[in-house]
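These are the residues of each chain, in order.
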2 protein chains.
Amino acid sequence: MNKQVKVLVVEDDPNICELVTLYGEKNGYIVNVAQNGMTGLEMFYDTTPDLVVLDIMLPEMDGWEVCKEIRRFQKTPIIILTGKGESYDKLKGFELGTDDYIVKPFDPNELMARIKAVLRRVNPILVENELIELPLLKIDMNQYKVICDTQEIVVAPREMELLYFLASHPNQVYTRQQLLDQIWGLDFDGDPRTVDVHVKRIREKLGDSDRCWRVQTIRGVGYKFEVDNE
Amino acid sequence: MNKQVKVLVVEDDPNICELVTLYGEKNGYIVNVAQNGMTGLEMFYDTTPDLVVLDIMLPEMDGWEVCKEIRRFQKTPIIILTGKGESYDKLKGFELGTDDYIVKPFDPNELMARIKAVLRRVNPILVENELIELPLLKIDMNQYKVICDTQEIVVAPREMELLYFLASHPNQVYTRQQLLDQIWGLDFDGDPRTVDVHVKRIREKLGDSDRCWRVQTIRGVGYKFEVDNE
DNA sequence: TCTTTTCATGAACGGAGCGTGAACAAATTT
DNA sequence: AAATTTGTTCACGCTCCGTTCATGAAAAGA
């Protein structure tokens, strides 16, 4: 198991703090929060985080100052949080060496994705690879790549996610609705049989040779990714 | 036997309350209902449920408040009930530490499935595994798989459910009508002899070797899954 | 033994559920 | 803006499943 990744959030809005903390912990990070720039810096030296999420509009000491101060001796990755109105000075950001930025209001999942991306770029060891390997099948969610029978296969995003989800829960049956909720999201309000079409496309792309795994239809229930045990 | 699982439902629509209660009790849960957020919280501290089903649109105190309040010190799993139209504030977080959510109008069985899934993830001991293992017989409802004499058997959905139900209540006799009510549902209005045909098909699929278990006919009454206690 | 009741079994019908191709819409790329 | 890729829906056909019915066998009671 990898060591726990520490994230420092410097942000004065307690709601956002709470939100980021919740999502961060859900993703397995240790999250520390500072409500202003000063305590942010203190906490930085105190906890030596692997990444900093930094609001620009801060009381006492603004985000750029914090950023500059951190960058004097450390190259810890920094993700900037900026309000919609606040003109984010790209040049300034580059000069100060930030790694990414996200505009409020933001989708927490989006932020999590960015954190993961930055961490991977800066320190790949910290990030667990979303990779599934089976005989004659390799699904790499990071590179969005599927290799089947030693040759790469072009799989569309949705197909990729569906295949990955099924394959990461082998032998477990899921109803169409469960798959829609998990992969499409709760707000998707469409035909459950959409899943069928994606399954079909996955199947025809992977071919129908005899392997120790397959996407199985369970009539009256749904689908499962079946793997033969030895 | 496992200890009884307690579920708290916080929902103002009495119809939904009744529905969830009915289904919940059928699944062996102790169901408590609160009609608004305030009494919901009181009842939470009062009954210490194992899981909370929480509507978002509530009088007096909205679901997010209840959620936040519960989450202050407890990590009791929460399943959110949300209307289709209600746009949830992404920033606020529709997943403010909730474990799952389901959109109204929903299929009660779907909700039951989610409750079970969440419970299994959070506290596996509370959930009885949908798995029956006997000498020369394995019924796995999660994988929708029956293994008899070390080889897999293809069993149709209804047969599967019937076999599972009987096998999970060994040596208990059920009339045809009871079986219809339990498995087909109360709204089924057909020939009770339908059960006979399914029993027959189960029997011929499982073979008629001498084993320590069998589906027994009790003449004039119904059927039972008989297991020899050596 | 004969009658009656109850169950097992095979066959058959109707329908639900799924695979598939194609069309359309939306997003993405060029 | 055009072209390509991707996502979704629809319609058709087919298969498999659930249900019912008819018939004969088995059990129970007289």
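Residues numbered from 1 in each chain as written. Chains lettered and ligands numbered in written order. Predicted model: local features only at pLDDT ≥ 70, side-chain atom pairs only at ≥ 80, totals over all residues. Heavy atoms only, no water.

Student: Go over the overall build of chain A with me, naming the residues and quoting the values.
Tutor: The helix and strand inventory of chain A stands at eight helices and twelve strands. By the burial criterion, 45% of the 230 residues in chain A qualify as buried. At a minimum sequence separation of 6, the contacts of chain A that also span at least 24 residues come to 55%. (Helix = DSSP H or I, 4+ residues; strand = E, 2+ residues; numbered from the N terminus. Buried < 20%, exposed > 50% of the residue type's maximum accessible area, 1.4 Å probe, protein only. Contact = heavy atoms within 4.5 Å.)

Student: I'd like to hear about the packing of aromatic side chains, residue by residue, with values.
Tutor: Any aromatic ring pair is given by two values, namely how distant the centres are and how the planes are angled relative to each other. Residues and elements named next belong to chain A. This structure, assessed with the given rule, holds eight aromatic pairs over all chains. When the ring of tryptophan 213 is compared with that of phenylalanine 225, the centres are 6.0 Å apart and the planes differ by 15°; the resulting orientation is stacked. One end of the pair, tryptophan 213, is in strand β11 (residues 213-218); the other, phenylalanine 225, is in strand β12 (residues 222-227), with twelve residues separating them in the sequence. Judged by relative accessible area, which is 0%, phenylalanine 225 ranks as buried. (Phe/Tyr/Trp six-rings, centres within 6.5 Å; stacked < 30°, edge-to-face > 60°.)

Student: Give a description of the protein's contact with DNA strand D that names residues and reports values.
Tutor: Residues in contact with DNA strand D amount to 24 residues; listed here are only the nearest, Thr194 and Arg201 of chain A together with Trp184, Thr194 and Arg201 of chain B. At 2.9 Å, a backbone N or O of arginine 158 of chain A approaches a phosphate oxygen of DNA strand D. Of all the secondary-structure elements, those providing two or more residues to the surface near DNA strand D are α6 (157-167) and α8 (194-206) of chain A together with α5 (157-168) and α7 (194-206) of chain B. Taken together, the residues of the surface near DNA strand D sort by class into ten nonpolar, six polar and eight charged. (Near = heavy atom within 4 Å. Polar contact = N/O pair within 3.5 Å; in protein donor to acceptor, adjacent residues only side chain to side chain. Nonpolar A, V, L, I, M, F, W, Y, C, P; charged D, E, K, R; others polar.)

Student: With reference to specific residues and values, describe the protein's contact with DNA strand C.
Tutor: Around DNA strand C, the surrounding shell holds 22 residues, and the nearest of these are Arg203 and Thr217 of chain A together with Arg203, Thr217 and Tyr223 of chain B. When atoms of DNA strand C within 4 Å of the protein are sorted by moiety, sugar and phosphate together comprise 60%. A distance of 2.7 Å separates a base nitrogen of DNA strand C from a polar atom in the side chain of arginine 193 of chain A. One of the side-chain N or O atoms of threonine 217 of chain A is found 2.5 Å from a phosphate oxygen in DNA strand C. Contributions of two or more residues to the surface near DNA strand C are made by α8 and β11 of chain A together with α7 and β11 (213-218) of chain B. Residue composition of the surface near DNA strand C, grouped by class: six nonpolar, four polar and twelve charged.

Student: Can you tell me about the pattern of salt bridges, naming the residues and giving the values?
Tutor: If you walk through the whole model with that rule in mind, you get 20 salt bridges over all chains. Among the salt bridges present, the one from aspartate 228 of chain B reaches arginine 214 of chain B, with a minimum N-O distance of 2.8 Å. Of the two residues, aspartate 228 of chain B sits in the segment after β12 (222-227) while arginine 214 of chain B sits in strand β11, which places them 14 residues apart along the sequence. Because the salt bridges share partners, they merge into one network encompassing Arg214, Lys224, Glu226 and Asp228 of chain A. (Salt bridge = Lys/Arg side-chain N within 4 Å of Asp/Glu carboxyl O.)

Student: Go over the packing of helix α2 (residues 37-47) of chain B against helix α3 (residues 63-73) of chain B with me, naming the residues and quoting the values.
Tutor: A packed helix pair is summarised by two numbers, namely the angle formed by the two axes and the spacing between the axes. Residues and elements named next belong to chain B. The geometry of α2 relative to α3 is characterised by a closest axis approach of 10 Å and an angle of 20° between their N-to-C directions. The angle between α2 and α3 falls in the class roughly parallel. Here the hand of the crossing between α2 and α3 comes out right-handed. Between α2, through Gly37, Leu41, Phe44 and Tyr45, and α3, the contact on the second element is made entirely by Val66, Glu69 and Ile70. Across the contact of α2 with α3, the residue classes break down as five nonpolar, one polar and one charged. (Axes fitted to C-alpha atoms, helices over the stretch in contact; angles between N-to-C directions. Parallel < 35°, antiparallel > 145°, perpendicular 65-115°, else oblique. Left-handed = near helix turned anticlockwise from the far one by under 90°.)

Student: Hey, could you go over the nonpolar core for me, with residue numbers and the actual values?
Tutor: Residue and element names in this part refer to chain B. Leu137, Ile139, Val146, Leu179, Leu206 and Phe225 are the most contacted members of the largest nonpolar core, which has 33 residues in total. At the level of elements, β7 (137-140), β8 (145-148), α5, α6 (176-184), α7, β11 and β12 are the ones that each hand at least two residues to this core. In terms of residues, this core owes the most to one element, α5, which gives seven residues. Not counting the four nearest positions on each side in its chain, leucine 206 is found in contact with Leu137, Val146, Cys148, Ile153, Leu163, Arg211 and Trp213. (Core = buried A, V, L, I, M, F, W, Y, C linked by side-chain atoms within 4.5 Å.)

Student: Could you give me a rundown of the sheet that holds β12 of chain A, with the residues and numbers involved?
Tutor: Residue and element names in this part refer to chain A. Across the sheet, three strands lie side by side as β10-β12-β11; this open sheet has antiparallel pairing. The two strands at the open ends of the sheet, each matched to only one other strand, are β10 (174-175) and β11. Strand direction decides the pairing type here: β10 and β12, joined by two bridges, are antiparallel. Paired with tyrosine 174 across the two strands is tyrosine 223, which belongs to β12. (Pairing = 2+ DSSP bridges.)

Student: Can you break down the side chain of aspartate 50 of chain B residue by residue, with the values?
Tutor: As for its position among the elements, aspartate 50 of chain B is in the loop between α2 and β3 (51-55). Here the side chain of aspartate 50 of chain B touches lysine 6 of chain B through a polar contact of 2.7 Å, landing on its backbone nitrogen.

Student: Account for helix α1 (residues 14-26) of chain A, naming residues and giving values.
Tutor: Residue and element names in this part refer to chain A. Relative to the 18 Å expected for 13 residues at 1.5 Å per residue, α1 spans 18 Å between its end C-alpha atoms, a close match to the ideal helical length. Those residues of α1 that fall on the buried side of the exposure criterion are Ile16, Cys17, Leu19, Val20, Thr21, Tyr23 and Gly24. Within two residues after α1, glycine 28 carries a phi angle of roughly 90°, on the positive side. (Expected span 1.5 Å × (residues − 1).)

Student: Quick rundown of the pairing of strand β7 (residues 137-140) of chain A? Include the residues and the values.
Tutor: All names here are of chain A. Relative to β7, strand β6 (residues 131-134) runs antiparallel, the two sharing four bridges. Bridge assignment links isoleucine 132 to a residue of β7, and that residue is isoleucine 139. The turn joining β6 and β7, which pair antiparallel and follow one another in sequence, is formed by two residues; a positive phi near 70° is taken by leucine 136. The turn joining β7 and strand β8 (residues 145-148), which pair antiparallel and follow one another in sequence, is formed by four residues; a positive phi near 50° is taken by tyrosine 144.

Student: Break down the sheet that holds β8 of chain B for me, with residues and values.
Tutor: Residue and element names in this part refer to chain B. Strand order in the open sheet formed by four strands is β6-β7-β8-β9, with antiparallel pairing between adjacent strands. For this open sheet the edge positions go to β6 (131-134) and β9 (151-153), each flanked by a neighbour on one side alone. Neighbour-to-neighbour, the strand axes of the sheet open up by a mean angle of 15°, direction not taken into account. Its contacts with the sheet put α5 on β6, β7 and β8, and the angle it makes with β7 is roughly 115°.

Student: Talk me through the pairing of β11 of chain B; I want residue IDs and the actual numbers.
Tutor: Residues and elements named next belong to chain B. Where β11 and β12 come together, six bridges link them in antiparallel fashion. In the strand pairing of β12, threonine 217 is matched with tyrosine 223. Taking the residues that link successive antiparallel strands as the turn, the β11-β12 hairpin has three residues, and the phi of glycine 220 there is positive, at about 80°.

The values are spatial; any link to function lies outside them.
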